[in-house]
Number of protein chains: 2
Amino acid sequence: MGRRDILIAANKPITHVHFLESGIASEVAATPEGRRIEVCITGREGMIGVPLLLDVDRTPHETFVQIEGDTLRIEAAIFRRLIEDRQSLRRILAHYAYVAHLQTAGTALSNGSHALEERLARWLLMCHDRVDGDEFPVTHEFLSTMLGVRRPGVTTAIHSLEGAGMIKARRSYVQVLDRTKLKAAAGDSYGVPETEYRRLIRSGR
Amino acid sequence: MGRRDILIAANKPITHVHFLESGIASEVAATPEGRRIEVCITGREGMIGVPLLLDVDRTPHETFVQIEGDTLRIEAAIFRRLIEDRQSLRRILAHYAYVAHLQTAGTALSNGSHALEERLARWLLMCHDRVDGDEFPVTHEFLSTMLGVRRPGVTTAIHSLEGAGMIKARRSYVQVLDRTKLKAAAGDSYGVPETEYRRLIRSGR
DNA sequence: TGCGGATTGTACGACATAGTACAGATGCCT
DNA sequence: AGGCATCTGTACTATGTCGTACAATCCGCA
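Calculation criteria
Along each chain, residue indices are assigned from 1 in the same order as the chain's sequence is written. Lettering for chains starts from A, numbering for ligands starts from 1, and both go in the order in which the items are written. Two thresholds apply to this predicted model, a pLDDT of at least 70 for residue-level local features and 80 or more for giving and counting side-chain atom pairs, whereas whole-chain, interface and lining totals are computed over all residues. Values shown for side chains rest on all heavy atoms present in the structure; no hydrogens or waters enter the calculation. Being near a molecule or strand, for a residue, means having at least one of its heavy atoms within 4 Å of it. Pairs of N or O atoms within 3.5 Å make up the polar contacts considered here, provided that, within protein, one atom can donate a hydrogen while the other can accept it, and that residues adjacent in sequence are counted only when both atoms are side-chain atoms. Helix numbers and strand numbers start at the N terminus; a helix is a DSSP run of H or I with at least 4 residues, a strand a run of E with at least 2. Here the term charged refers only to Asp, Glu, Lys and Arg, the term nonpolar to Ala, Val, Leu, Ile, Met, Phe, Trp, Tyr, Cys and Pro, and the term polar to all other amino acids, Gly among them. Strands are treated as partners if at least two bridges between them are detected by DSSP. Note on method: axes are straight lines fitted to C-alpha atoms, helices fitted across the in-contact stretch only, with angles between N-to-C directions ranging 0 to 180 degrees. By definition, residues are in contact when any of their heavy atoms lie within 4.5 Å. Buried area counts how much accessible surface, traced with a 1.4 Å probe, disappears from two parts once they are put together, with both parts' losses summed. When a carboxyl oxygen of Asp or Glu is within 4 Å of a side-chain nitrogen of Lys or Arg, the pair counts as a salt bridge. The atoms used to superpose the copies are C-alpha atoms, taken from residues with pLDDT of at least 70 in both, and the fit is least squares. When a residue's accessible area, from a 1.4 Å probe over protein chains only, is under 20% of the maximum for its type it is buried; when over 50% it is exposed; and in between it is partly exposed. Summarising the geometry, the arc corresponds to the directions from the helix axis toward the C-beta atoms. Roughly parallel covers angles under 35 degrees, roughly antiparallel covers those over 145, roughly perpendicular covers 65 to 115, and oblique covers all other angles. Two aromatic rings from Phe, Tyr or Trp, using only the six-membered ring of Trp, form a pair when their centres are within 6.5 Å; if the ring planes differ by under 30 degrees the pair is stacked, by over 60 it is edge-to-face, and anything between is tilted. Whether a charge lies above a ring is judged from NZ of Lys or CZ of Arg, which has to be within 6 Å of the ring centre and within 35 degrees of the ring normal. For every domain, the bounds stem from an assignment made automatically or drawn from a database.

Thoughts on the protein's contact with DNA strand D
Phase 1: Looking at DNA strand D, there are 15 residues lining it, with A:His140, A:Arg151, A:Arg171, A:Ser172 and B:Leu116 nearest.
Phase 2: Here the atoms of DNA strand D within 4 Å of the protein split so that 53% fall in sugar or phosphate, with bases taking the remainder.
Phase 3: A:Arg171 is positioned such that a nitrogen or oxygen atom in its side chain is 2.3 Å from a base oxygen of DNA strand D.
Phase 4: A:Ser172 places a main-chain nitrogen or oxygen 2.8 Å from a phosphate oxygen of DNA strand D.
Phase 5: Residue contributions to the surface near DNA strand D peak at 4 residues, all from helix α6 (residues 151–163) of chain A.
Phase 6: The class makeup of the residues in the surface near DNA strand D is 5 nonpolar, 6 polar and 4 charged.

A closer look at the sheet that holds strand β5 (residues 62–67) of chain B
Phase 1: Spatial ordering of the open sheet is given by β1-β5-β3-β4 (chain B), a layout of 4 strands whose pairing is antiparallel. Edge strands, defined here as strands with exactly one partner in the open sheet, are β1 (6–8) and β4 (36–42) of chain B. Looking at each pair of strands side by side, their axes are set apart by 35° on average, direction ignored.
Phase 2: For strand β3 (residues 24–30) of chain B and β4(B), the ladder comprises 6 bridges, and the chain directions are antiparallel. By the bridge assignment for β4(B), B:Ala30 is matched with B:Arg36.
Phase 3: The strands that helix α3 (residues 87–113) of chain A touches are β3 and β4 of chain B; relative to β4(B), the one it contacts most, it runs at about 125°.

Some points on the interface of chain B and chain A
Phase 1: The partner chain A presents 46 residues to the 46 residues of chain B that form the contact.
Phase 2: Buried surface at the junction of chain B and chain A, summed over both partners, amounts to about 3800 Å²; 61% is from carbon and sulfur atoms.
Phase 3: Among the residues of chain B in contact with chain A, B:Leu54, B:Tyr98 and B:Asp188 are the three that bury the most area, contributing 16% of the side total.
Phase 4: Where chain B touches chain A, the interface holds 8 salt bridges.
Phase 5: Of the charged contacts, one joins A:Asp188 and B:Arg35 as a salt bridge, the two residues approaching to 3.3 Å between their closest N and O atoms.
Phase 6: At the junction of chain B and chain A, the tally comes to 22 residue pairs in polar contact (both at pLDDT 80 or more).
Phase 7: Looking at the side of chain B that touches chain A, the elements that each hand over two or more residues are β3, β4, α3 (87–113) and α8 (192–200) of chain B.

Digging into the relation of the copies chain B and chain A
Phase 1: Mapping chain B onto chain A calls for a rotation angle of 180° and an axial translation of 0.0 Å; the resulting RMSD is 0.0 Å. Read as a symmetry element, the transformation amounts to a two-fold axis. Scanning chain B for the C-alpha nearest the rotation axis identifies B:Ala108, at a separation of 1.8 Å.
Phase 2: Looking at chain B, 100% of its interface residues are interface residues in chain A too, so the copies touch through the same face.

Overview of α8(B)
Phase 1: Burial in α8(B) covers these residues: B:Pro193, B:Glu194, B:Glu196, B:Tyr197 and B:Leu200. The buried residues of α8(B) occupy an angular sector of 165° when projected down its axis, which confines them to one face.

Let's talk about the packing of helix α2 (residues 76–85) of chain A against α3(A)
All names here are of chain A.
Phase 1: Between α2 and α3, whose axes approach to 5 Å, the crossing angle comes to 105°. Judged by the angle between their axes, α2 and α3 are roughly perpendicular. For the pair formed by α2 and α3, the contact residues are Phe 79, Leu 82, Ile 83, Glu 84 and Asp 85 on the first element and Gln 87, Leu 89, Arg 90 and Leu 93 on the second.
Phase 2: Here the residues of the contact of α2 with α3 sort into 5 nonpolar, 1 polar and 3 charged.

Structural notes on the packing of aromatic side chains
Residues and elements named next belong to chain A.
Phase 1: Per the counting criterion, the structure on display carries 4 aromatic pairs over all chains.
Phase 2: Relative to Phe 142, the ring of Phe 64 has its centre 6.2 Å away and its plane inclined at 85°; by these criteria the two rings are edge-to-face. In this pair, Phe 64 is assigned in strand β5 (residues 62–67) and Phe 142 in helix α5 (residues 140–147), connecting sequence segments 78 residues apart.
Phase 3: The class for Phe 64 is buried, based on a relative accessible area of 5%.
Phase 4: Take Phe 142: its relative accessible area is 9%, and that puts it in the buried class.
Phase 5: Site record: aromatic cluster; members linked through ring pairs are Phe 64, Trp 123 and Phe 142.
Phase 6: Here the guanidinium or amino end of Arg 170 rests over the ring plane of Tyr 173, the centre of that ring lying 4.3 Å away.

Describing the domain arrangement of chain A
Residues and elements named next belong to chain A.
Phase 1: Segmenting chain A into domains produces domain 1 (6–111 + 197–204) and domain 2 (115–189).
Phase 2: Summarising the inter-unit geometry, the C-alpha centres of domain 1 and domain 2 are found 23 Å apart.
Phase 3: In total, about 1500 Å² of surface goes out of reach between domain 1 and domain 2, with carbon and sulfur atoms giving 55% of it.
Phase 4: The largest per-residue losses of area from domain 1 upon contact with domain 2 belong to Glu 38, Ile 67 and Ser 110, which jointly make up 30% of the total buried on that side.
Phase 5: A salt bridge links Glu 45 to Arg 130, with the shortest nitrogen-to-oxygen separation between them at 3.0 Å.
Phase 6: Here domain 1 and domain 2 share 7 residue pairs in polar contact (both at pLDDT 80 or more) between them.
Phase 7: Listing elements by their share of the side of domain 1 that touches domain 2, those giving two or more residues are β3 (24–30), β4 (36–42), β5 and α3.
Phase 8: Considered class by class, the residues forming the side of domain 1 that touches domain 2 number 6 nonpolar, 10 polar and 4 charged.

Structure follows, in C-alpha cells:
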C-alpha cells in the first residue's frame, strides 16, 4: 500500500474493505468544482469502506493512502456476507462507523471555529496516534490541502509549534517531541472522538 | 415538539428515535470548553438517533429542535428490536445514516473553505428543502452560533443576499425568493449529500 | 399604550488568512 | 558531482472575519 494509492475512488463501486495494519488513510470530501478537504483519517484502529457497512455501494468521497503501510483487504461481496452472518462483527464495525462520524463532525467544528495553529496541532496528534514512533512523513503542501489553508500559512504555523518545542520539522517530515504541549496547543479541538473510541471499542476488547 | 426542545441530550442515554413529520432538528457538536457548531440538520427526510442504529447508546453531541413541528418517536429498546427483525428497514436507515455522514463532511468542507456568504446560502437552502413554503423562522444570533461566526457578520451576509434579491428577511424570519440564484450563491457548497440522497433513498420509494 | 427584552443595523480597529511571488535549501537521480 | 525537481522560508498587499460597542427597531406583554 504505497503513498497516494487510492483505496476508494470517488463515485466508483467500492471494491474492497480495508483494515490497515500500519499507515494512515485520508477520506477527502470533494465538490464538482474541485475543492478538496480532508474530513476523516483512519489507521489501524478502524476500517476503510464504511459505506459498504451501511449498504452503500459507492461514495462521492475519495479515500487514499496518506502514509504508506500494510493492509488486509476483503472483497466487497464477501464482506457483505460476512456482516450478514456475524452480528458481533457488524456491531463493532458500526461502533467504528460512529466514531468516524464523530471525527468528521470534529473536523467540521475545528474548520469552523479554531485557528490554524490549533487545527494543525489536532491534525498532528491524530497522525501521531496512528503511527509507530514519533516521526512521520508530511509536507507543508500536503497539509495545506488537507486543512484547506494556504501553504505558507502551514509553514508559519509549524514554525510556531516548533518554536514552542512541541515538534521538530525537517524536510518532508515532522517529529512529535512533546505530546502534552501539543495537546494544550490543540485545545478542545482534539479529544472527543478519541474518548468515544476508547469507550465504545477499545474497552470492549 | 417545540423550539429548543432537546431530542438527544449530550452524553445521556438516547431514549427515543424520532422521525419528523415537519420541522427541523439540528445536531450540534460541542467540546468540553463549550464551543458549539452545527454539523448536520434533519427534517422529514431522515431519522433522529443514528447512533442507536449503529448500536451506540449515547453521544457527545446534542440534537435539538430548530424549527418546531410534529414527530413520531419510537422507544429505543423497541427500535433496536425493530431493526433486528426488519432488514429492509435497517437498510434504508443505514442509507440515511450515510447521507448524514456526507452532510457532516459537507459542513466540514464548507466551514474550511467557503466564505460566509456561501455558507449562509447553503444553510438557507438546506432549511428550505425541509420546510413547507418559502419562509421559516430564524434569527441572526441563532445563525451565527450554527455557522460558528459573529452575529454582525450574519447580518451583513443576509443583507448581501437580500440585496441580490435571493431572500427577504424580516425580524426573526427569512423567506426564500429566488432559489436558483441562492444556489448560485452557495456555489459548490450545496448539493453533494442531496444528490446522494436522491440516488440512495428517494429513488427507492 | 407604553415598557422592556429581543433582534437587528452599524461602526471601527485589530488580526488572521488569502493570494501571490520569488529566493533559498534540500536531496534524489544521472 | 552536478542538475533538477521538490520543498521550505519569507515578503507584501488585500480582504474577510473578529471582538466589541452601541444605537435603532421591533413586538409581546403588563
